[in-house]
Amino acid sequence: MMATVEKRPPSRRTVLKTAAAAGGLLLVGFDTVQTAKAAPDNAPISPFRSWIQIDQEGQVTLMSGRSEMGQGISSALPMVLADELGVDWKDVRVEQAPNDVPRFGDQGTGGSGSVAGSWMTMRQAAAAARTMLITVAAKRWNVTPESCSIKNGVIISGNHSAKLGEFVAAAALLPVPDFKTLTLKKPEEVQIIGTVVERKDIPSKTDGSAVFGIDTRLPGMLYAMVERCPAFGGKVQSVDMSAAKAMPGVHEAFEIPAVPDVHSWGGVAVIADSTWIAMQARKKLQIKWDMGPFSNESSESLRHEFLRIVDSRLKVVIDQGNVDSALAHVPSARRVDADYELPFQAHATMEPMNCTVRFNGNNAEVWAPAQGPEWVRTTVAQVLGIKPDAVKVTTTLLGGGFGRRYQADFAAEAAQVAKKVPGKPVQLIWSREDDMTHDFYRPASYHRLSGAVDEHGNLIAWRHRSTSTPISEWWSPKDTPESSELGSSTQFPYLCHNYRLEYLPTKSSVPRAWWRSVEASTIGFVMEGYLDELAHAAGVDPLEFRLSKLDGRLVKDPISKDNRPLDTARLKAVLQLAARKSDWGTPMGKGEGRGIACHYSFNSYVANVVEVAVSDGRLHVKRVVSAVDIGTPVSPDAIRAQVESAIIYGLTAALKSQITIKNGGAVQSNFDAFSTLPMNETPLLEVHITPSTLPPTGIGEPGLPPTAPALTNAIFAGTGKRIRRLPIVPADLA
């Protein structure tokens, strides 16, 4: 009896591999987890999936699935690739990968995770390509693969040498090696990682050819703006659009509903021939708003609620030892009670929110400066009533992200306006006022701390009670509220036998989400500011106080699913490096002071020292010295730029900016009221990088958390004034 053979269509991998080989193109995917046989189409997705392409000219292309928003990953990632493969830096280029989850997996960019998440898979993919090319060359030359090496894009073995391109077609026919069997280069063999190279994104940004979302231009393009309720959760009660519709150049004016899944509020949209016309027509809309159920909320009412909750019975998250007993038996002179408070903060990206959509009836095209292109794709599909596979998303360059562009509300609105004019590309533009008053803000929070030291300077008790407007209740209500609010306070690094952490959320209508360094920006300020207070109570130098309580322990997080331990030895080392580079302990003038702080976030260790001068109630931030340990420093230039940026962002939040709430909406609407740190007030910045061969960790955000506490600690050192509430106001220094 003849066996029946089941015929199946070729798999996605088979089609792609065959096509690449036919074209003489070597293609290695980061999701290549094959052993001897091809991995199934449902193989586990790696944390960062991209493709390496090598053509017969030896040109190497990295198809990057992450978004470039100024953080420099379009250079850092190919540095890893070039080094492991053995090619010349000038022969590597980067292309933004299309949004395609089956091919590239999760393409979200955030959490300081692009380099850290791709480090191993990038090296393995490059090593796989190197192995395949060497295999072909060795066979052709009749030599052993071990005798071959690749340098500057040339394969060498004894007297034999040839460029990579000569072996690409044959190598493309080979099975991709099992990543687990590959030999990766040793740290002493790398030549590009850890050096300063020319960034791949700078030429186009210099000559103006770089395309950000707002630069998108298509034939027949229209432009749109949306008027939204000034109170969060409000909606249109009635509207007269006649004056707006009568304006020359206006195509449509119409209401759009809220899209609850992405917290898009709805409102009234105007589509016109230009952004200017849309902006002017929007002013002519006569809208009567239903301000919704939260129009009485204000910063004052929220603060009253904070105080009520922090005085109530909170949920105990961590309880070690006996805090109450320790506090009850310590003299009042060695006990410190303090309240810390932080406001909402806006992202304030330089490029206003924007998105371009063309709806073709059965499919759609999207051009978006997005940190979460897949979320954009599914949201646009939902709004247009089509399948996600029918939506093509092109991720442009981002003019700043800081977490704001991980949302999809702006894409939902763009799809809503595009649906009104099928076949026409429509670019939705937000004004600065739209951005500032309809952001997803960093949560506001309130913290009450009690602690004590003994006569020897030991930390004998620490109780941290807090409340905030948690992110998780806004985006993942099934999670516990504290899961998004406590940061490394759940991995308390300092020696303390009696430690209690308590928390309860505060309800608020104010939208919030991930802001640069997320909860670390608040927890870092509270922990490191308060630790300085305890050092003062102990009569011990703040640096020495910290160092004496970091003993090399590995501290696990008892509530986190990602339970990578905090290494107190590494935290101690960055403190020592920052202190040494800042001349810690040397005399300073009257009204001058140095402050130090450290923090662990995104698996990275940072210590900052800030120098200030205060005279006649005026503050001058003179210098900030930062020491970082992020494992292997792939791109030192990008690391320094990121840390400097994070410090400036942190100083802005500490000195200049906040979002206050009145009548259920944001008060600040532009940079006149929400100030940023100007260049003439920017201090001297120094960034010192710890050498390491450990896997790299994040750096886009970790420089921010220790900035504010180092600043306020410096102010105390120079003036004796303790600041526990941000932003700093003139009355704090008087």
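Note that the structure is a prediction, hence the values are computed from the model and not measured.

Rules of the game
Residues numbered from 1 in each chain as written. Predicted model: local features only at pLDDT ≥ 70, side-chain atom pairs only at ≥ 80, totals over all residues. Heavy atoms only, no water. Helix = DSSP H or I, 4+ residues; strand = E, 2+ residues; numbered from the N terminus. Rg over C-alpha atoms; globule rule 2.2 N^0.38 Å. Buried < 20%, exposed > 50% of the residue type's maximum accessible area, 1.4 Å probe, protein only. Contact = heavy atoms within 4.5 Å. Areas by Shrake-Rupley, 256 points an atom, 1.4 Å probe, with all protein chains shown as cover. Lys, Arg positive; Asp, Glu negative; His and termini not counted. Charge placed at Lys NZ, Arg CZ, Asp CG, Glu CD. Domains from an automatic or database assignment. Buried area = accessible area lost by both parts, 1.4 Å probe. Salt bridge = Lys/Arg side-chain N within 4 Å of Asp/Glu carboxyl O. Polar contact = N/O pair within 3.5 Å; in protein donor to acceptor, adjacent residues only side chain to side chain. Axes fitted to C-alpha atoms, helices over the stretch in contact; angles between N-to-C directions. Parallel < 35°, antiparallel > 145°, perpendicular 65-115°, else oblique. Left-handed = near helix turned anticlockwise from the far one by under 90°. Nonpolar A, V, L, I, M, F, W, Y, C, P; charged D, E, K, R; others polar. Core = buried A, V, L, I, M, F, W, Y, C linked by side-chain atoms within 4.5 Å. Phe/Tyr/Trp six-rings, centres within 6.5 Å; stacked < 30°, edge-to-face > 60°. Lys NZ or Arg CZ within 6 Å of the ring centre and 35° of its normal. Pairing = 2+ DSSP bridges. Expected span 1.5 Å × (residues − 1).

Draft legend 1. View of the overall build of the protein. Along its length, the protein carries 20 helices and 29 strands. Relative to a compact globule of 734 residues, whose C-alpha radius of gyration would be 27 Å, the protein shows 28 Å and is just as compact. Taking the principal axes of its C-alpha atoms as reference, the protein extends roughly 90 × 75 × 60 Å. Scored against the burial criterion, the 734 residues of the protein give a buried share of 57%. Of the contacts made within the protein by residues no fewer than 6 positions apart, 77% connect residues no fewer than 24 positions apart. With an accessible surface of roughly 30200 Å², the protein has 53% of that area assigned to carbon and sulfur atoms. Each charge sign in the protein was given a centre, from 78 positive and 77 negative side chains, and these centres are 2 Å apart.

Draft legend 2. Highlighting the domain arrangement of the protein. Domains assigned within the protein are domain 1 (12-205), domain 2 (213-292 + 353-429) and domain 3 (330-346 + 440-733). Listed by partner, the interface residues are 13 residues for domain 1 and 14 residues for domain 2. Roughly 1100 Å² of surface becomes buried between domain 1 and domain 2 when both sides are summed, with 55% attributable to carbon and sulfur atoms. It is Ser67, Met69 and Asn99 in domain 1 that bury the most area against domain 2; as a group they hold 47% of the surface buried on that side. Taken together, the links from domain 1 to domain 2 amount to 0 salt bridges. On inspection of domain 1 and its partner domain 2, the count reaches 4 residue pairs in polar contact (both at pLDDT 80 or more).

Draft legend 3. View of the packing of helix α18 (residues 636-655) against helix α19 (residues 707-719). Viewed as axis vectors pointing N to C, α18 and α19 meet at an angle of 55°, and their least axial separation amounts to 8 Å. With respect to α19, the element α18 is oriented oblique. Judged by the sense of rotation from one axis to the other, the crossing of α18 with α19 is right-handed. In this structure, α18 uses Ile647, Gly650, Leu651, Ala654 and Leu655 to contact α19, whose residues at the interface are Thr707, Ala708 and Leu711. Taken together, the residues that form the contact of α18 with α19 break down as 6 nonpolar, 2 polar and no charged.

Draft legend 4. Spotlight on the environment of Gln56. Position of Gln56 relative to the elements: it lies in the loop between β2 (51-54) and β3 (60-64). The class of Gln56 is partly exposed, set by a relative accessible area of 44%. Along the backbone, Gln56 and Val168 are 112 residues apart, and their C-alpha atoms lie at a distance of 5.7 Å.

Draft legend 5. Up close: the pattern of salt bridges. By the definition in use, this model includes 41 salt bridges. A salt bridge links Arg448 to Asp339, with the nearest nitrogen and oxygen atoms 2.7 Å apart. With Arg448 in strand β19 (residues 445-453) and Asp339 in strand β14 (residues 335-342), this pair connects stretches of sequence that are 109 residues apart. By relative accessible area, which is 25% here, Asp339 ends up partly exposed. Residue Asp389 is joined to Arg377 by a salt bridge in which the shortest nitrogen-to-oxygen separation is 3.6 Å. Taken together, the residues span a long stretch of sequence, with Asp389 in the loop between α11 (373-384) and β17 (391-395) and Arg377 in helix α11 at a distance of 12 residues. Each of Asp319, Asp324, Arg463, Arg465, Arg500 and Glu502 takes part in one network of salt bridges that share partners.

Draft legend 6. A look at the nonpolar core. In terms of nonpolar packing, the biggest core is built from 73 residues, with Leu459, Trp462 and Leu711 touching the most fellow members. For this core, the element with the highest residue contribution is helix α15 (residues 520-538), accounting for 8 residues. The next biggest cluster of nonpolar side chains, apart from the first, holds 47 residues, and it includes Ile54, Ala82, Ile155 and Val176.

Draft legend 7. Broad picture of the packing of aromatic side chains. Scanning the model with the defined rule gives 18 aromatic pairs in all. Relative to Tyr605, the ring of Tyr600 lies with its centre 4.8 Å away and its plane at 45°, an arrangement referred to as tilted. Each member of the pair, Tyr600 together with Tyr605, is buried. Counting every residue linked through ring pairs, the aromatic cluster contains Phe232, Trp265, Phe344, Tyr441 and Trp474. Geometry around Phe545 places Lys549 over its ring, the cationic atom sitting 3.9 Å from the centre. The ring of Phe716 carries the charged tip of Arg722 above its face, separated from the ring centre by 3.6 Å.

Draft legend 8. Fine view of unusual backbone geometry. Following Leu726, the chain continues into Pro727 via a peptide bond in cis, with omega recorded as 0°. Mapped onto the elements, Pro727 comes out in the loop between α19 and α20 (730-733). Even without a glycine there, the phi angle at Phe402 is positive, about 55°. In this structure, Phe402 sits in the loop between β17 and α12 (409-420). Accessibility expressed as a relative area gives 24% for Phe402, which makes it partly exposed. One non-glycine residue, Asp616, lies in positive phi territory at about 55°. In this fold, Asp616 is placed in the loop between β25 (604-615) and β26 (618-629). Residue Asp616 is classed as exposed on the basis of its relative accessible area of 79%.

Draft legend 9. Here's a closer look at the sheet that holds strand β24 (residues 592-601). What the 4 strands build is an open sheet, ordered β24-β25-β26-β29; its pairing is mixed. Two strands lie at the open edges of the sheet, namely β24 and β29 (684-689), each paired on one side alone. Strand-to-strand twist of the sheet, defined as the mean angle between neighbouring strand axes without regard to direction, takes the value 15°.

Draft legend 10. Region of the structure containing helix α2 (residues 73-85). Taking 1.5 Å per residue, 13 residues should reach 18 Å; α2 reaches 18 Å between its end C-alpha atoms and fits that length. Counting buried positions along α2 yields 13 of 13 residues, so the element is predominantly enclosed.

Draft legend 11. Expanded view of the side chain of Thr396. Considering the arrangement of structural elements, one finds Thr396 in the loop between β17 and α12. For Thr396, a relative accessible area of 9% corresponds to the buried category. Looking at Thr396, its side chain comes within polar contact range of the main-chain nitrogen of Gly213, at 3.0 Å. Ignoring anything within four residues of it in the chain, the contact list for Thr396 reads Val211, Phe212, Gly213, Thr216, Ala368 and Pro369.

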